[in-house]
Amino acid sequence: MNPPSNRAALDPAGLLRAIPLAPHQLTERITPVHDTIVLCHLGVPRLAAASWSVAINGLVAAPRTLDFPALRQFPFTTIEAVHQCAGNPLEPHAPTRRVCNVAWGGYRLADVLAACGPAPEARFIWSYGADWGVFEGISIDAYGKDLPIERVGEDVLLAVEMNGAPLRPENGFPVRLVVPGYYGTNSVKWLTQITLAADRAAGPFTTCWYNDPVRDGAGRATGRLRPVWNVAPQSVIVAPDVQTRLTAGEPAVVWGWAWADGGIAAVTIGIGGESIVGAAVEPRRSRAWQRFEASWTPGRPGTVELAACATGYDGETQPADGARNAIHRVSVTVAE
Ligand SMILES: Nc1nc2c(c(=O)[nH]1)N[C@H]1C(S)=C(S)[C@@H](COP(=O)(O)O)O[C@H]1N2
Ligand SMILES: [Mo]
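Just so you know, these numbers come straight off a predicted model, no measurement behind them. (Residues numbered from 1 in each chain as written. Chains lettered and ligands numbered in written order. Predicted model: local features only at pLDDT ≥ 70, side-chain atom pairs only at ≥ 80, totals over all residues. Heavy atoms only, no water.)

Considerations on the site of ligand 1
How we decide: Nearness is judged by heavy atoms alone; a residue qualifies as near a molecule or strand once a single heavy atom is within 4 Å of it. In protein, a polar contact requires one atom able to donate a hydrogen and another able to accept it; more generally it is a pair of N or O atoms within 3.5 Å, and residues adjacent in sequence count only if both atoms are side-chain atoms. Shrake-Rupley sampling with a 1.4 Å probe provides the accessible areas, and residues are treated as covered by the protein chains on show and by no other component. Of the two site types, the cavity is a set of points on a 1 Å grid over the protein atoms alone where a 1.4 Å probe fits but cannot get out, and the pocket is an open set with protein on both sides within 12 Å along at least five of seven lines, each lined by residues with an atom within 4 Å of a point. Think of it this way: a molecule belongs to a cavity or pocket when more than half its atoms come within 2 Å of the grid points there. Any residue that is not Ala, Val, Leu, Ile, Met, Phe, Trp, Tyr, Cys, Pro, Asp, Glu, Lys or Arg is counted as polar, Gly included; the first ten are nonpolar and the last four charged.
The environment of ligand 1 is formed by 20 residues, the closest being Ile-37, His-83, Asp-131, Arg-176 and Lys-189. Ile-37 is positioned such that a nitrogen or oxygen atom in its backbone is 2.7 Å from an oxygen atom of ligand 1. A distance of 2.5 Å separates an oxygen atom of ligand 1 from a polar side-chain atom of Lys-189. Burial of ligand 1 by the protein chains amounts to 100% of its free accessible area of 530 Å². For ligand 1, the cavity whose grid points lie within 2 Å of the majority of its atoms is the largest cavity. Considering only residue class, the shell around ligand 1 consists of nine nonpolar, seven polar and four charged.

Below is the structure:
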């Protein structure tokens, strides 16, 4: 099954990126829509719900084309999930904190697929958006991604709402894929085609960009690549921030958010490389980020660097540097 060859009008055309909030501004559990990250590689197709449809084809017994009224026949569901951009695909090792936490509303991909009868040999889901253009000098007929079919559980949605409102054009109106627990790049916006296949999709956003080198235990590259799918453990310190003046001898609260595809089991706060404080981490609800909080009483005046480090339930932890999920550090000033 070929990828679609798009020609929808784009406004704007070309890269569109917004990262409105720095870590210390992530004060709300649910990020307001106007403060969420926006990442469009090729531009924003302007689609109408009345003329939108998605084709479901490939290794299915009954290929279908669903329009908006047909999609709305499926049970509606909502899911709160952390939404994180993996960062610039040309700089895969740069630490990035492009993140928000939102409530998606839509229809389960599993329900839609069940209505089409997936073939037993289908192993991957290819998904395509209505956007097209040129990225890094390469001509793209349609933005396309893939994911393993076994990843499609209760939580993967054909989303139509963010925080209870219809999607904005830049977030994928009228319908986008949402794969909670995967980096944002996999959640294809302006969805127009879903293809079930035995192999991985061949487009540049799956084979060229968004692949990380697999390293061995000593940190050496093995020559193998791994798709940028599951979100690795990560955390941000919301407070205190660089502006906060703390006082020696007075207890301060260090708090922030932590998240990972599999959930976070523990967060520690490094204090100036001298001591480590364990934070209390709330249990994970749904696929939302988890709040952590620790109390720390600065002992003496000066500048101290705080460093939050999250560990997932699988034991994976955050690297010190050189990775998108590198430890977040904040220098705070302690007065006498
Ligand atoms: N069709 C399409 N889907 C896309 C993209 C895109 O450029 N085109 N960008 C991806 C990337 S890199 C991210 S991080 C998320 C961002 O979603 P948002 O802009 O709604 O926050 O959408 C993903 N889905
Ligand atoms: Mo992204």
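Now that the structure has been shown, we can carry on.
Re the pairing of strand E19 (residues 234-239)
In the case of a regular strand, side chains alternate between the two sheet surfaces. What counts is decided by this rule: Buried means the residue's accessible area, taken with a 1.4 Å probe over protein chains only, is under 20% of the maximum for its type, while exposed means over 50%, and partly exposed covers the values in between. Put simply, DSSP marks the helices as runs of H or I at least four residues long and the strands as runs of E at least two long, and each gets a number from the N terminus on. In this scheme, strands are said to pair when DSSP sees at least two bridges between them.
With five of six residues buried, E19 lies mostly within the body of the structure. Pairing of E19 with strand E21 (residues 252-259) involves five bridges; the strand directions are antiparallel. The partner of Ser-235 across the bridge, within E21, is Ala-258.

Quick look at the sheet that holds strand E22 (residues 264-271)
As a reminder of what qualifies: An axis is simply a line fitted to the C-alpha atoms; with a helix, the fit covers only the stretch in contact. Between two such axes, the angle follows the N-to-C directions and lies from 0 to 180 degrees.
A sheet is described by the order of its strands in space; here eight strands give the open sequence E19-E21-E24-E23-E22-E25-E26-E20, paired in mixed fashion. Two strands close off the open sheet at either side, each with one partner strand: E19 and strand E20 (245-247). For this sheet the average axis-to-axis angle between neighbouring strands, irrespective of direction, equals 35°. As paired elements, E22 and strand E23 (residues 275-281) share five bridges and run antiparallel to each other. Across the sheet, Val-267 pairs through a bridge with Ala-279, a residue of E23.

A word on the packing of aromatic side chains
Any pair of aromatic rings gets described here by the distance separating the centres and the angle formed by the planes. Going by this rule: Two aromatic rings, drawn from Phe, Tyr or Trp (for Trp, its six-membered ring), form a pair once their centres lie within 6.5 Å of each other, and the interplanar angle then sorts them: stacked below 30 degrees, edge-to-face above 60, tilted otherwise.
Enumeration according to the criterion identifies 10 aromatic pairs in this entry. Centre to centre, the rings of Tyr-143 and Phe-205 are 4.5 Å apart; their planes meet at 50°, and the pair counts as tilted. Taken together, the residues span a long stretch of sequence, with Tyr-143 in the loop between strand E11 (138-140) and strand E12 (144-148) and Phe-205 in helix H3 (residues 204-207) at a distance of 62 residues. Residue class for Tyr-143 comes out buried when judged on its relative accessible area of 6%. For Phe-205, a relative accessible area of 1% puts it in the buried group. Between the aromatic rings of Trp-257 and Trp-289, the centroid separation amounts to 4.7 Å while the plane-to-plane angle is 5°, which identifies the pairing as stacked.

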